[in-house]
Amino acid sequence: MVRNTYIYPPEPSMRIIGDIIEYTAKNMPKFNSISISGYHMQEAGANQALELAFTLADGKEYVKTAIAKGMDVDDFAGRLSFFWAVGMNFYLEIAKMRAARLLWCRIMKGFNAKNPKSLMLRTHSQTSGWSLTEQDPYNNVVRTTIEAMAAVFGGTQSLHTNSFDEAIALPTEFSARIARNTQLIIQEETHITNVIDPWAGSYMMEKLTQDMADAAWKIIEEVDAMGGMTKAVDSGWAKLKIEAAAAEKQARIDSGKDVIVGVNKYKLKKEDPIDILEVDNVKVRDGQIAALKAIKARRDAKAVQGALDALTAAAEAGSGNLLDLSIKAIRLRATVGEVSDALEKVFGRHRADTQKVTGVYAAAYDSAEGWETLKKEIADFATAHGRRPRVMIAKLGQDGHDRGAKVVATAYADLGFDVDMGPLFQTPEECARQAIENDVHAVGVSTLAAGHKTLVPAIIAELKKQGADDIVVFVGGVIPRQDYDFLFDAGVKGIYGPGTPIPASAKDVLEQIKLAHKG
């Protein structure tokens, strides 16, 4: 729903989940069959109550699916596990995890689970990547430590601590070691882990836990009224709820209502560069392609095709266990892509709804003076040119994280831009074609997956090739400062890293459009 690494629509995806739970219960009884994840929802903008409600509603749907396959709840429920994000709201994150156990027990009793292990919520947690800042990045060591402590106080079973340079690039060995040692220090030196629930009996925490449970339960009831989480995802309603929360949060940061140290308050006059991990993505890709070719040359092509055909036939007939058949194909050295394609022939591909939230950013952003001035400039442009400035927000390559792209689209639309959202996983060629067909003034590329040095020059070249080099290209997202000159030399007109207030980027984009379309 929010990480966008899906292939199939919700219904066939649920069938796959049912098959995974069935296969692992029969053949791998000690294996945790599925990680029911809320992490990506909070990273995409969900508040704690939304993350909690949607994750438990997902879990409920998975249990229903497995029971519908004829399984007894106690045969598999003890091996379900969860995965939470832990952000910077210290008390709320602890309350969320305490409320989660309360509600999951309630949900599983509703399924008539008898085994105490079926009633337990066991969880992995990860500190927030979204809360980390490009500016003054050593502050991120402190942020991760606070989030890690909230996870431990909340009763997590396992933990992932992020590296302080995550808002800039992939972690170095140096930053990864600090992240690992954060856990070791909490575990070995603080004695925090010696007490199971140190907050029990605290009036504040008990009330917060109950309030969190009540708020989440209300959302779960809303989802149930729609017919369950599959329907809520399919309709786009759940995604929109998260995007609205993301836009509201961003507006509070941009307007200074929510303080981010080193970003919108207590800023450094000069940022010192930090060492980053450089990855040659062209070399990595070429190496992977070569490895795949070598495997395909060595395997029994006829046996592989037979196994893939069996998978397609089972998907079509609704028979057999798809995980069982996938394992058989992969043991013959079928690739993950080939297995996915064999199922896609029957299931098709899910296309995300690209509808935008409107009005949420503007409502939360009340620094009226600068906001109103910018809106007037955009209106003046429309009067002078006979149409409003039109911007396309694009995601290129395999980068599915679209929180930033959606928030920018929402804010720009609220300011008065005409905004088109490109579909996910576009090639530069497809993006350029859509930009030209939609007659946009500018393309904004949102990038978080270290592909900017390959994909951004490619779209600029493609626009030029198709005679549209008057279309302004700007870039936002996780881009090391060391790469800025490379992108400017390639023809990028604006780069807006994490922490850039959206109105500031919008004003700059408008100026660049005016320069490119004088007269």
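Heads up: these notes are all about the structure in this document. (Residues numbered from 1 in each chain as written. Predicted model: local features only at pLDDT ≥ 70, side-chain atom pairs only at ≥ 80, totals over all residues. Heavy atoms only, no water.)

### Observations concerning the overall build of the protein
Per the secondary structure count, the protein includes 21 helices and 9 strands. For the protein, the spread of C-alpha atoms along the three principal axes comes to 75 × 65 × 45 Å. Burial statistics for the protein: of 519 residues in total, 50% are counted as buried. Restricting to contacts in the protein with at least 6 residues of sequence separation, those with at least 24 account for 79%. Element-wise, carbon and sulfur atoms account for 55% of the exposed surface of the protein, whose accessible area totals about 24,500 Å². (Helix = DSSP H or I, 4+ residues; strand = E, 2+ residues; numbered from the N terminus. Buried < 20%, exposed > 50% of the residue type's maximum accessible area, 1.4 Å probe, protein only. Contact = heavy atoms within 4.5 Å. Areas by Shrake-Rupley, 256 points an atom, 1.4 Å probe, with all protein chains shown as cover.)

### Structural notes on the sheet that holds strand β9 (residues 494-496)
Taken in spatial order, the 5 strands make up an open sheet running β6-β5-β7-β8-β9, and their pairing is parallel. Single-partner strands in this sheet number two, and they are β6 (418-421) and β9. Going across the sheet, the axis of each strand differs from the next one's by a mean of 20 degrees, ignoring polarity. Two strands pair when backbone bridges link them, and strand β5 (residues 390-394) and β6 are joined in this way by 4 bridges, in the parallel orientation. Pairing of I393 across the sheet is with M421, part of β6. (Pairing = 2+ DSSP bridges. Axes fitted to C-alpha atoms, helices over the stretch in contact; angles between N-to-C directions.)

### Observations regarding the layout of surface pockets
What the second largest pocket holds in volume is close to 620 Å³. Lining the second largest pocket are 24 residues, with Q48, M88, N89, W130 and K249 positioned closest to its centre. Of all the elements in the fold, those that place two or more residues in the lining of the second largest pocket are α2 (39-43), α4 (90-110) and α10 (237-254). With 4 residues, α10 is the largest single contributor of residues to the lining of the second largest pocket. Of the residues belonging to the lining of the second largest pocket, the class tally is 8 nonpolar, 8 polar and 8 charged. (1 Å grid on protein atoms, 1.4 Å probe; cavity = no way out; pocket = protein on both sides within 12 Å on 5 of 7 lines; lining within 4 Å. Points joined across faces, edges and corners; volume = space filled by probe spheres on them. Nonpolar A, V, L, I, M, F, W, Y, C, P; charged D, E, K, R; others polar.)

### Notes on the pattern of salt bridges
Following the criterion strictly, the structure yields 34 salt bridges and no others. For the salt bridge of D402 with K239, the shortest nitrogen-to-oxygen distance reads 3.6 Å. Remark: K239 occurs in helix α10 and D402 occurs in the loop between β5 and α17 (403-415); sequence separation between them is 163 residues. For D402, a relative accessible area of 6% corresponds to the buried category. The exposure class assigned to K239 is buried, which follows from its relative accessible area of 9%. Between R390 and D420 there is a salt bridge, and its shortest N-O distance comes to 2.9 Å. Placement of the pair is R390 in strand β5 and D420 in strand β6, with a sequence separation of 30 residues. (Salt bridge = Lys/Arg side-chain N within 4 Å of Asp/Glu carboxyl O.)

### Quick look at helix α8 (residues 203-226)
The end-to-end C-alpha distance of α8, which contains 24 residues, comes to 35 Å, matching closely the 34 Å that a straight helix rising 1.5 Å per residue would cover. Buried residues of α8: M205, T209, M212, A213, A216, I219, I220 and V223, and no others. Buried residues along α8 sit in contact with α3 (48-68), α4, α9 (229-234) and α10. Where α8 ends, the next residue or the one after it, G227, has phi of about 105 degrees, a positive value. (Expected span 1.5 Å × (residues − 1).)

### A few points about unusual backbone geometry
Despite not being glycine, R333 has its phi angle at roughly 80 degrees, a positive value. With respect to the element layout, R333 can be found in the loop between α13 (322-331) and α14 (336-347). One non-glycine residue, D439, lies in positive phi territory at about 55 degrees. Relative to the elements of secondary structure, D439 occurs in the loop between α18 (428-437) and β7 (442-447). Since its relative accessible area comes to 45%, D439 is described here as partly exposed.

### A closer look at the sheet that holds strand β1 (residues 34-37)
A sheet is described by the order of its strands in space; here 4 strands give the open sequence β1-β2-β3-β4, paired in parallel fashion. Two strands bound the open sheet, and with one partner strand each, they are β1 and β4 (158-160). On average, each strand axis in the sheet is inclined to that of its neighbour by 25 degrees, with strand direction left out of account. The pairing of strand β3 (residues 123-127) with β4 spans 3 bridges and is classified as parallel. If you follow H124 over to β4, its bridge partner there is S158. Lying on the sheet, α4 is in contact with β2 (80-86) and β3; it crosses β2 at an angle near 160 degrees.

### A look at the environment of A251
Relative to the helices and strands, A251 resides in helix α10. With a relative accessible area of 0%, A251 lands in the buried category. Sequence-distant contacts of A251, defined by excluding residues within four places in its chain, comprise Y361, A364 and Y365.

### Digging into the packing of α3 against α8
Two quantities define a packed helix pair, namely the angle between the helix axes and the distance between the axes. Their axes nearest at 8 Å, the elements α3 and α8 cross at an angle of 50 degrees. Accordingly, the angle class assigned to the pair α3 and α8 is oblique. In the crossing of α3 with α8, the sense of the turn from one axis to the other is right-handed. Contacts between α3 and α8 pair Q48, A49, L50, L52, A53, F54, L56, A57 and K60 from the former with M212, A215, A216, I219, I220, V223 and D224 from the latter. Of the residues assigned to the contact of α3 with α8, the class counts are 13 nonpolar, 1 polar and 2 charged. (Parallel < 35°, antiparallel > 145°, perpendicular 65-115°, else oblique. Left-handed = near helix turned anticlockwise from the far one by under 90°.)

### As for the packing of aromatic side chains
Following the criterion strictly, the structure yields 15 aromatic pairs and no others. Their ring planes at 20 degrees and their centres at 6.0 Å tell us that F82 and W84 sit as a pair that is stacked. Pair check on accessibility: F82 and W84 agree, each one buried. One aromatic cluster is present, formed by F90, Y91, F153 and W199 through successive ring pairs. (Phe/Tyr/Trp six-rings, centres within 6.5 Å; stacked < 30°, edge-to-face > 60°.)

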